[in-house]
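Read off the chains here:
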Amino acid sequence: MARKSLVGVVADELLDRIIKGEFPPGSAVPGELELSALHDVSRMTVREAIKTLEAQRILSVERGRGTFVNPLKLWASLEAVLRAASVESTSGEAALHLIELRRMLETGACELAATRISKGDVDSLFAHLSAMRAASAINDVGAFVEADLAFHDVILHASGNIFVAVLFDPLRRLLEVRRAETSAIPAIQQHAIRHHQNIAEALQSGDAVRARQTMDDHMQQTMNDLKELILGALASPEKSH
């Protein structure tokens, strides 16, 4: 058990160094001797740690050449991808991919929820919507994000699909970070409120096609807001003046 723990520690610390950019994609990581000396562990422990990251496709071992970092798009560990995405504050690629994922899953969940949602869940949606409006009125970004996430959680669970909410749970921390960044802009808050109103009304009506469309419209607006108001402002600071 102790040795397994050491393997995990070495793998985790090497992953942190990769995520922080010390070893960018395509670069070689230090050899076994250097890593074993750095972590004060055996070469066998380092070898097992490397195997762990290789199994997650974070590293590629090329016999006779060394061990190299793979591009993020090849990684097979959701946890590792989320960790990397959470520190990419200057890159919009991860944020765009997150919205694309949400669009694929949440539109379907909303469609399912339209025919399965209870009156209590509908009441909860409108309660969270009211909380979003109240938070926006006083520019309480934290409360706004909390109500926003709660609104979507109701829909995910109301879909009645046992896999949907479980799939989204690991994304919640990253969503909180991203929403805190985007929801700080008043215009984005107002866009979100309008679309959440449309979604709640569609679900209340029980119209599955309408529910899917309103969620898709919301995801498109979210994508537009990210590109125009967040990434656009970062690329051209002068435009904000």
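Given the structure is predicted, the values throughout are model-derived calculations rather than measurements.

Chemist: Now, about the domain arrangement of the protein: what can you tell me, with residues and values included?
Modeler: According to the domain assignment, the protein consists of domain 1 (6-78) and domain 2 (91-235). One C-alpha centre belongs to domain 1, the other to domain 2; they are set 36 Å apart.

Chemist: So, helix α10 (residues 186-205): which residues are in play, and what are the values?
Modeler: Taking 1.5 Å per residue, 20 residues should reach 28 Å; α10 reaches 29 Å between its end C-alpha atoms and fits that length. All of the buried residues along α10 are Ile-188, Gln-189, Ala-192, Ile-193, His-195, His-196, Gln-197, Ile-199, Ala-200, Ala-202 and Leu-203. Gly-206 sits one or two positions beyond α10 and adopts a positive phi of about 80 degrees.

Chemist: Describe the pattern of salt bridges, naming the residues involved and giving the relevant values.
Modeler: One pass over the structure, following the stated rule, counts 14 salt bridges. Of the charged contacts, one joins Arg-43 and Glu-32 as a salt bridge, the two residues approaching to 3.3 Å between their closest N and O atoms. Placement of the pair is Arg-43 in helix α3 (residues 43-55) and Glu-32 in helix α2 (residues 32-39), with a sequence separation of eleven residues. The partner of Arg-178 in a salt bridge is Glu-181, and the shortest N-O contact between them spans 3.7 Å. Placement of the pair is Arg-178 and Glu-181 together in helix α9 (residues 172-182), with a separation of three residues, close to one helical turn. Relative accessible area serves as the criterion here: at 10%, Arg-178 is assigned to the buried category.

Chemist: Please set out the environment of Ser-5 residue by residue, giving values where relevant.
Modeler: Here Ser-5 shows up in helix α1 (residues 2-19). Using a relative accessible area of 46% as the deciding quantity, one classes Ser-5 as partly exposed. Distance in space between the C-alpha atoms of Ser-5 and His-196 is 45 Å, their sequence separation being 191 residues.

Chemist: Give me the lowdown on the side chain of Asp-225, citing residues and values where you can.
Modeler: Within the secondary structure, Asp-225 sits in helix α11 (residues 208-235). For the buried residue Asp-225, which engages in no salt bridge, the nearest side chain bearing the opposite charge is Arg-194, 7.4 Å off. Within polar-contact distance, the side chain of Asp-225 engages the side chain of His-191 at 3.0 Å. Not counting residues within four places of it along the chain, the set of residues in contact with Asp-225 comprises Ile-188, His-191 and Ile-230.

Chemist: If you had to explain the pairing of strand β2 (residues 66-69) to someone new, which residues and values would you point to?
Modeler: As judged from the four bridges shared by strand β1 (residues 59-62) and β2, these two strands associate in the antiparallel manner. In the sheet register, Val-61 faces β2, and the bridge partner there is Thr-67. In textbook terms, the turn of a hairpin is the stretch between consecutive antiparallel strands, and for β1 and β2 this stretch comprises three residues, one of which, Gly-64, has a positive phi near 85 degrees.

Chemist: Outline unusual backbone geometry, supporting the account with residue identities and numerical values.
Modeler: Even without a glycine there, the phi angle at Asp-40 is positive, about 55 degrees. By the secondary structure assignment, Asp-40 is in the loop between α2 and α3. Here Arg-57, not a glycine, exhibits a phi torsion of approximately 60 degrees, which is positive. Position of Arg-57 relative to the elements: it lies in the loop between α3 and β1.

Chemist: Any details on the packing of helix α6 (residues 119-137) against α10? Residues and values, ideally.
Modeler: α10 packs onto α6 with a crossing angle of 165 degrees between their chain directions and a minimal axis gap of 10 Å. In terms of axis orientation, α6 runs roughly antiparallel to α10. You can see that α6 and α10 cross each other, and the crossing is left-handed. In this structure, α6 contributes Val-122, Leu-125, Phe-126, Leu-129, Met-132, Arg-133 and Ser-136 to the contact, and α10 contributes Gln-189, Gln-190, Ala-192, Ile-193, His-196, Gln-197, Ala-200, Glu-201, Leu-203 and Gln-204.

Calculation notes
- Residues numbered from 1 in each chain as written.
- Predicted model: local features only at pLDDT ≥ 70, side-chain atom pairs only at ≥ 80, totals over all residues.
- Heavy atoms only, no water.
- Domains from an automatic or database assignment.
- Helix = DSSP H or I, 4+ residues; strand = E, 2+ residues; numbered from the N terminus.
- Expected span 1.5 Å × (residues − 1).
- Buried < 20%, exposed > 50% of the residue type's maximum accessible area, 1.4 Å probe, protein only.
- Salt bridge = Lys/Arg side-chain N within 4 Å of Asp/Glu carboxyl O.
- Lys, Arg positive; Asp, Glu negative; His and termini not counted.
- Polar contact = N/O pair within 3.5 Å; in protein donor to acceptor, adjacent residues only side chain to side chain.
- Contact = heavy atoms within 4.5 Å.
- Pairing = 2+ DSSP bridges.
- Axes fitted to C-alpha atoms, helices over the stretch in contact; angles between N-to-C directions.
- Parallel < 35°, antiparallel > 145°, perpendicular 65-115°, else oblique.
- Left-handed = near helix turned anticlockwise from the far one by under 90°.

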